[in-house]
Amino acid sequence: MEATMDHQSKKHPPGLYLLFLTEMWERFSYYGMRAILILYLTKSLVSGGLGMKESTALMLYGFFTGAVYFTPLIGGYLSDRFLGQRLAVTIGGITMALGNLVLFAHQSFTAVYIGLGLLIIGNGFFKPNISTIVGELYGPKDKRRDAAFTIFYMGINTGAFFAPLVIGAITDKWFAVQANGVIEYGYKYGFLASAIGMVIGQILFNALGNRFLGDIGKKPVGKPNVSNTGAVEKQKMTKVEKNRTTVIFILAAFVVFFWAGFEQAGGALSIYTDKFIDRTVFGWEVPTSWFQSINPLYIVIFAPIVSMLWVKLSNSKRGDLAVPTKMGLGMIMLGLGFIVLLFAIMQTGSDETNITVKANILFIVLTYFFHTIGELFLNPVGLSFVSKYAPVKFSSLLMAVWMASSFVANIIAGQLGALTESMGYFEVFSVIGASVIVLGLILLSISKKLVKMLGDDDNENMEEQVAKAN
């Protein structure tokens, strides 16, 4: 692709940092909304919520967080064929801002369904395309690619870190009203703040895009060729491209199980923290939504370290770890996090009507640590992998396929979270932890086979020539 910046300088292109800021504000909007959504749905009407049953709210939460990763399939296809990535990002950002404004404007189940629907649609346009633009800043053999996506991932998590803190302060402190011993939380103002964050990100992206991104992402890259007779030519893939696409699908299948466990953070883990964790620190009770900031804080702290690790390994004699190997290790880390949490549940049990002791806050802090390290080993390198190996004509679509694994994962996560009400936290979390560890070990065992299927070196050069010719 002519617009690709294929230089090999040590510094990252300035466009990366514009995309960093754009994604940071979008994630501020999303994670701010997500931090209070389950609480808004389950708190009583007098407390500013909608009074929904916990199991119902967890399934709705799971459907929502899953659907935001399904619609990228549609958004990725439309951007590849008709819109271009830059326009799709703008459409997505505006739609998501409107969704949060609906949640702010009216507190009802109807408003929830309309608002969440707009957020689902908007994310479908935004999410796959901004990640694809990051990949287009680098050539296919640029060693900075994994490091760049890790830096980009810091943008995601910088927004995700500040969002629960700001939104939690708005809902639980600044706009909360206490009357007759009952606190009415200011959830609607949290949704308003999320909308404002989304608007800020879009202003930056559109005002500075031409300066720092040039023509990258302006034209649809998957528009079909038309012959002299006016017939639409089929977009064929080479054997190498087919093998690489197969590997993407295989890894996406493993990723489903990682996210099914990881996404308990905003659902069942959030409810467990609210009821069973001693949140008092030096006499002050930490808002439950603030715990959603632990993971992104760890990301911001450890992402530079992991990024430097990948660069150091890539320049060593043995070379970097294969992407499937990194991902397998990430799944094992996630499982270890759940094992840590099991020790807390042994103390507290799962019966909220008979809580004799609450668990130390360090249990949840350590659980999020293992989950975060697992995430850093899996998600940024996964995004980098897809941006490198996906056929050019289907780059955004296959990025969307990768993200669609989270659609299935979040649906499963909601169902698993709902089971904690009937089966108990220990039983559900132990099954999740054991499953992802076993799957991580399986992925490690087939890593060499998957790497062989990618057909690098000579085959890669041939594929690039075919892609450019088409």
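Residues numbered from 1 in each chain as written. Predicted model: local features only at pLDDT ≥ 70, side-chain atom pairs only at ≥ 80, totals over all residues. Heavy atoms only, no water.

Novice: Describe the confidence of the model for the protein, and please don't skip the residues or the numbers.
Specialist: Residues of the protein with pLDDT of at least 70 account for 92%, and the chain-wide mean is 86. Of all the helices and strands in the protein, helix α16 (residues 458-469) carries the lowest mean pLDDT, 43, while helix α4 (residues 85-105) carries the highest, 96. Contacts for the low-pLDDT stretch residues 1-8, under 50 throughout, to residues beyond four places or in other chains number 24 contacts. Confidence drops under pLDDT 50 across residues 458-470; counting only partners more than four residues distant or on other chains, this segment forms 18 contacts. (pLDDT = per-residue confidence, 0-100. Helix = DSSP H or I, 4+ residues; strand = E, 2+ residues; numbered from the N terminus. Contact = heavy atoms within 4.5 Å.)

Novice: Let's hear about the pattern of salt bridges: which residues, and what values?
Specialist: When the charged atoms of two side chains with opposite charge come close together, those side chains can pair. For the structure on display, the rule yields nine salt bridges. Arg27 is paired through a salt bridge with Glu26; the nearest N and O atoms lie 2.6 Å apart. The exposure class assigned to Arg27 is buried, which follows from its relative accessible area of 1%. Sharing partners across several salt bridges, the network here consists of Asp274, Arg279 and Glu285. (Salt bridge = Lys/Arg side-chain N within 4 Å of Asp/Glu carboxyl O. Buried < 20%, exposed > 50% of the residue type's maximum accessible area, 1.4 Å probe, protein only.)

Novice: Break down empty space enclosed by the protein for me, citing the residues and quoting the values.
Specialist: Under the counting rule described, the total for this entry stands at five cavities of 30 Å³ or more. Those elements that provide at least two residues to the lining of the largest cavity are α1 (14-42), α5 (109-136), α6 (145-174), α8 (239-262), α12 (361-389) and α13 (395-423). Tallying contributions element by element places α6 first for the lining of the largest cavity, with four residues. By volume, the second largest cavity amounts to about 90 Å³. In terms of lining residues, the second largest cavity is bounded by Tyr31, Arg34, Asn157, Ala160, Phe262, Ala265, Phe291, Gln292, Asn295, Pro296 and Tyr368. The set of elements that each furnish at least two residues to the lining of the second largest cavity consists of α1, α6 and α10 (294-314). (1 Å grid on protein atoms, 1.4 Å probe; cavity = no way out; pocket = protein on both sides within 12 Å on 5 of 7 lines; lining within 4 Å. Points joined across faces, edges and corners; volume = space filled by probe spheres on them.)

Novice: Can you break down the layout of surface pockets residue by residue, with the values?
Specialist: When its volume is computed, the second largest pocket comes out at roughly 870 Å³. Taken together, 31 residues make up the lining of the second largest pocket; nearest its centre are Asp320, Leu321, Ala322, Lys388 and Tyr389. When contributions to the lining of the second largest pocket are tallied by element, the ones reaching two or more residues are α6, α10, α11 (323-348), α12 and α15 (447-453).

Novice: Just give me the short version of the environment of Leu443, but keep the residues and values in it.
Specialist: Within the secondary structure, Leu443 sits in helix α14 (residues 425-445). For the pair Leu443 and Thr280, spaced 163 residues apart in the sequence, the C-alpha separation amounts to 40 Å. Apart from residues no more than four positions distant in its own chain, Leu443 is found in contact with Leu251, Phe254, Pro324, Met327, Gly328, Met331 and Leu450.

Novice: Pulling in residues and values, what's your account of unusual backbone geometry?
Specialist: The residue Asn180 is not glycine, and still its phi comes out positive at about 55°. Secondary-structure assignment places Asn180 in the loop between β1 (177-179) and β2 (182-184). Phi is positive for Phe282, which is not a glycine, with a value near 50°. Structurally, Phe282 is set in the loop between β3 (280-281) and β4 (284-285).

Novice: I'd like to hear about a nonpolar patch on the surface, residue by residue, with values.
Specialist: A cluster of nonpolar residues, Leu336, Ile339, Phe343 and Met346, forms a patch on the protein surface that exposes about 370 Å² of accessible area. On the secondary structure map, Phe343 appears in helix α11. What makes Phe343 partly exposed here is its relative accessible area of 46%. (Patch = residues over 30% accessible without salt bridge, like charges linked within 9 Å, V, L, I, M, F, W, Y side chains within 5 Å. Areas by Shrake-Rupley, 256 points an atom, 1.4 Å probe, with all protein chains shown as cover.)

Novice: Outline the side chain of Ser79, listing residues and values.
Specialist: Tracing the sequence through the fold places Ser79 in helix α3 (residues 72-83). One polar contact links Ser79 to Asn129, side chain to side chain, over a distance of 2.5 Å. Ignoring anything within four residues of it in the chain, the contact list for Ser79 reads Gly84, Gln85, Ala88, Asn129, Pro220 and Ser396. (Polar contact = N/O pair within 3.5 Å; in protein donor to acceptor, adjacent residues only side chain to side chain.)

Novice: For the nonpolar core, give the residues involved together with the corresponding values.
Specialist: Counting 122 residues, the largest nonpolar core has Leu19, Phe64, Tyr272, Met327, Phe385, Trp402 and Phe429 as the members making the most contacts within it. With 15 residues, α1 is the single largest residue contributor to this core. Excluding residues within four positions of it along the chain, Met327 makes contact with Leu251, Val255, Phe377, Leu378, Val381, Trp402 and Leu443. (Core = buried A, V, L, I, M, F, W, Y, C linked by side-chain atoms within 4.5 Å.)

Novice: Can you break down helix α7 (residues 187-213) residue by residue, with the values?
Specialist: In this model α7 runs 37 Å from its N-terminal to its C-terminal C-alpha over 27 residues, within 8% of the 39 Å that 1.5 Å per residue would give. Largest kink in α7: about 40°, centred on Ala207. Downstream of α7 by a residue or two, Gly214 has a phi angle that is positive, lying close to 65°. (Expected span 1.5 Å × (residues − 1). Bend = angle between axes of the 7 residues up to and from the residue.)

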